[in-house]
Amino acid sequence: DFFINTPPADLANTVTELIRNAPPGNVFPTKADIHTPEITSSHLKGMAHYFGADLLGVVRLPANKSSPSPLSQAAEDKVEEHYPFAVVCVVRAEYDPRAAPGIGGQVPVQNGLFITFVLSAWIRELGFCAEVDQEANAEKLAAAAGLGEINGQGRFVTPRYGTEVHVADIILTDLPLAADGTQT
């Protein structure tokens, strides 16, 4: 119970703050020759699963502000500039990280941060922009990607794992991908 429910006295004792505060790398100056968007999406999903993601989806973001966006204002401004896609990563969570603040309860958050950090670094190595947005409404984007739906209580639910999931921070990118859904 202590491991799951007692928050750390010092956040420096968690990996979460370390990963969140790590500076992103540079975008490689020469874009790599990539496959079709469908194959590139398949490679991205394969890498995500290799690093521990249970679900991964790609959402094409709208270029206009005609509807309310689940993105933060800063991210919304960047989307208009050059981020047409959002990559959504979902990991299983035995304990809900919102209710279990202990180090053990935060494991899905740490796993999600690791996965999005590595995937965004890989995208930048290919010569494309990738930025992690922790303020986006990740659950709404996960539903838009077709990974599940928002239930009556406002919780994200997947067909396979139910509510025992954590939606990681969103990756915004200009890497040409095949969208699983469209943000509306």
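Look up a bit, the structure's there.
Structural notes, computed from the coordinates. In this text the structure is predicted, and so the values were computed from the model without any measurement. (Residues numbered from 1 in each chain as written. Predicted model: local features only at pLDDT ≥ 70, side-chain atom pairs only at ≥ 80, totals over all residues. Heavy atoms only, no water.)

### With respect to the pairing of strand S1 (residues 55-60)
Okay, step 1: Here S1 lies mainly inside the structure; five of its six residues are buried.
Okay, step 2: Bridge analysis of S1 against strand S2 (residues 85-92) gives six bridges, and the strand direction is antiparallel. Bridge pairing links arginine 60 to phenylalanine 85 in S2. (Buried < 20%, exposed > 50% of the residue type's maximum accessible area, 1.4 Å probe, protein only. Helix = DSSP H or I, 4+ residues; strand = E, 2+ residues; numbered from the N terminus. Pairing = 2+ DSSP bridges.)

### Observations regarding the side chain of threonine 158
Okay, step 1: By the secondary structure assignment, threonine 158 is in the loop between strand S5 (156-157) and strand S6 (165-167).
Okay, step 2: Threonine 158 has contacts with Leu55, Leu147, Gly148 and Val165, leaving out every residue within four places of it along the chain. (Contact = heavy atoms within 4.5 Å.)

### Focus on the packing of aromatic side chains
Okay, step 1: Overall, the coordinates contain two aromatic pairs when judged by the stated rule.
Okay, step 2: Centre to centre, the rings of tyrosine 50 and phenylalanine 51 are 5.2 Å apart; their planes meet at 75 degrees, and the pair counts as edge-to-face.
Okay, step 3: On the accessibility criterion, tyrosine 50 (69% relative accessible area) is exposed.
Okay, step 4: Chaining the aromatic ring pairs together yields one cluster made of Tyr50, Phe51 and Phe114. (Phe/Tyr/Trp six-rings, centres within 6.5 Å; stacked < 30°, edge-to-face > 60°.)

### Considerations on the packing of helix H3 (residues 37-50) against helix H5 (residues 107-125)
The packing of two helices is summarised by the inter-axis angle and the distance between the axes.
Okay, step 1: H5 packs onto H3 with a crossing angle of 145 degrees between their chain directions and a minimal axis gap of 10 Å. The chirality of how H3 crosses H5 is right-handed. Between H3 and H5, the contacting residues are His43, Leu44, Met47 and Ala48 on the first element and Ile115, Leu119, Trp122 and Ile123 on the second. (Axes fitted to C-alpha atoms, helices over the stretch in contact; angles between N-to-C directions. Left-handed = near helix turned anticlockwise from the far one by under 90°.)

### Overview of the pattern of salt bridges
Okay, step 1: Throughout the structure, instances matching the rule amount to six salt bridges.
Okay, step 2: In this structure, aspartate 96 and arginine 155 form a salt bridge, with 3.4 Å as the shortest nitrogen-oxygen distance. Pair noted here: aspartate 96 is in the loop between S2 and H5 and arginine 155 is in the loop between strand S4 (149-150) and S5, with a separation of 59 residues, a long-range link.
Okay, step 3: Overall, aspartate 96 belongs to the partly exposed group, its relative accessible area being 25%.
Okay, step 4: The salt bridge involving glutamate 139 is made with arginine 98; its shortest N-O contact spans 3.6 Å. Taken together, the positions of glutamate 139 in helix H6 (residues 138-144) and arginine 98 in the loop between S2 and H5 put the pair 41 residues apart, joining distant regions of the chain.
Okay, step 5: Residue classification places glutamate 139 among the buried positions, given a relative accessible area of 18%.
Okay, step 6: Connected via shared salt-bridge partners are Asp96, Arg98, Glu139 and Arg155. (Salt bridge = Lys/Arg side-chain N within 4 Å of Asp/Glu carboxyl O.)

### Observations regarding the environment of asparagine 137
Okay, step 1: Relative to the helices and strands, asparagine 137 is located in the loop between strand S3 (130-133) and H6.
Okay, step 2: Under the relative-accessibility criterion, asparagine 137 is labelled partly exposed at 38%.
Okay, step 3: Considering only alpha carbons, one finds asparagine 137 and aspartate 169, 32 residues apart in sequence, at a separation of 8.9 Å.
Okay, step 4: For asparagine 137, the side chain forms a polar contact with the main-chain nitrogen of lysine 140, separated by 3.2 Å. (Polar contact = N/O pair within 3.5 Å; in protein donor to acceptor, adjacent residues only side chain to side chain.)

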